[in-house]
Every structure is written in C-alpha cells, then in structure tokens.
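A look at the structure
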Amino acid sequence: MDQCYLLLAQEHKAKWVFNMRASRNLLWRNLQRVKKYLCPTSSMKTWIKKKTKDHEQGREVDVSDPCIRVVTPMFLYNMNFKKLGKCMIINNKNFDAKTGMNVRNGTDTDAGNLQKCFHSLGFNVSVYNDQTCRQMENILKRAAQENHSDHACFACILLSHGDEGLIYGTDGPMPIKTLTSLFRGDMCKSLVGKPKLFFIQSQL
C-alpha cells in the first residue's frame, strides 16, 4: 500500500495538507488539482474575477459549486513571475541490504511520468536517483539557498519507502520535516510568500 502526502511548507513551519493512504492513482488526481490552480482555465479565471468582485462589494460569496473546493476563500498566490519555478524529483529505487527495504519496481516509470507532467506545467525539472539521506538533504539545502526571486513557486517530489513522518534514503529513514524545514522563511527568503509544494509517495 502506498502512502501519499501532499505537503505545503509555509514560511515559518511545514503543515500537513493531505495525509492519506492510497494507490498511486491518487497522486495523479492531486496533480490535476495542482495543475488547475497553477494554470487556471478561462472559465475559472472568470469565476475567480466574479467572486472577488462580489466579495469586495460585500455580497455573500457562493462557494457551493461541487466542482470547486476553496481551501482559503478568495486568496490567490501571485503567479506573475518570469518563471514558474523548479521541481526536484528524488527517486529512490534500490536500498542498502541493512535497511531491509525491497527494490521499488515501477518507480522509474512514475518518475518519468512526473517529469513529463511537471515539465508540461512549465517547471524546470531535475531528477535524482537513489540518494542517501545526507544526499537528499544536501540537494534540497542547495535548492533552498538558491535565488528564487523570479520564480512563482517551488515543487519537490519524493518517491521512496517510508513510514508515518519518515522517508527513506537508500541507507535508511529520516524525518520528512528535516527536508521541508529547509524552506522556512528564515532559511529560504526568496520563497517567502510563495507556494512550496511537496509530493511524497512512500511505500510501507
């Protein structure tokens, strides 16, 4: 059974937005929701414009449309930047014998499909295969230290074994919070006020 998390690392702390046990298909459905909000259709833009106007004029905003889920009413991130942002994919397939973890067959296909999906959204995608805990932390630490001033957001996808609150490097487990906390406001100032998206697919 896969364990799929969608995390949103905010400026001063990392919050769980979704915590669910599901099949890999759930990850694709979540990606479609992300795509919808990052690249809204013309009809959605019209809806947002109308609801914003209603809100500004003091009229009650109807959010009963079953096709639309408002997480934070009337709040939209500013996506008007030169670039959408970077997407880092860490794909761990093979693990040291001491971990007792099996080979994650099929993960290369998942990583390839995710690379294509996020590239089509406009992200600059990088893929890293079979990384130790220290390597994963160093990859994301370097990413957090980069200048994202002309980027609208940041995305990270972790494909590995895991458990509640843990993700496996090829040499063993580490807390997910160790990775997400690298993008707090005091650690990554150029992403303050911008969405930081973490997709974690882990097999128990």
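Residues numbered from 1 in each chain as written. Predicted model: local features only at pLDDT ≥ 70, side-chain atom pairs only at ≥ 80, totals over all residues. Heavy atoms only, no water.

Helix and strand counts for the protein stand at 5 helices and 8 strands. Going from N to C terminus, the protein has its helices and strands arranged as β-β-α-α-β-α-β-α-β-β-β-α-β. Among the 204 residues that make up the protein, the fraction classed as buried is 42%. Sequence-distant contacts in the protein: of pairs separated by 6 or more residues, those separated by 24 or more amount to 74%. Looking at the protein as shown, the accessible area adds up to about 11300 Å², and 50% of this sits on carbon and sulfur atoms. (Helix = DSSP H or I, 4+ residues; strand = E, 2+ residues; numbered from the N terminus. Buried < 20%, exposed > 50% of the residue type's maximum accessible area, 1.4 Å probe, protein only. Contact = heavy atoms within 4.5 Å. Areas by Shrake-Rupley, 256 points an atom, 1.4 Å probe, with all protein chains shown as cover.)

Now for the pairing of strand 4 (residues 124-129). Two elements, strand 3 (residues 83-91) and strand 4, share 6 bridges in a ladder whose sense is parallel. By the bridge assignment, I90 is partnered in strand 4 with Y128. After leaving strand 3, the chain enters helix 3 (residues 107-121) and then returns to the sheet as strand 4, a path that is right-handed. (Pairing = 2+ DSSP bridges. Right-handed = clockwise from strand over helix to strand, strands pointing away.)

For P175, the position within the fold is in strand 7 (residues 172-175). Along the backbone, P175 and G165 are 10 residues apart, and their C-alpha atoms lie at a distance of 5.9 Å. Ignoring any residue separated from it by four or fewer positions in sequence, one finds P175 in contact with G165 and L166.

Side chains three or four residues apart in an α-helix point the same way, a direct result of the helix having 3.6 residues per turn. Relative to the 18 Å expected for 13 residues at 1.5 Å per residue, helix 4 (residues 133-145) spans 18 Å between its end C-alpha atoms, a close match to the ideal helical length. Taken together, the buried positions of helix 4 are occupied by C133, M136, I139, L140, A143 and A144. Projection of helix 4 onto a plane perpendicular to its axis shows the buried side chains occupying an angular sector of 135°, all on one side. The outward face of helix 4, more than 90 degrees from its buried face, is lined by the exposed residues R134 and Q145. Considering only its buried residues, helix 4 is in contact with strand 3, strand 4, strand 5 (151-163), strand 6 (166-169), strand 7 and helix 5 (176-180). (Expected span 1.5 Å × (residues − 1). Arc of directions from axis to C-beta.)

Moving on: the confidence of the model for the protein. When pLDDT is averaged along the protein, the result is 79, and 64% of the positions lie at 70 or above. Across residues 1-23, where pLDDT falls below 50, the model places 83 contacts with residues more than four positions away in sequence or in other chains. (pLDDT = per-residue confidence, 0-100.)

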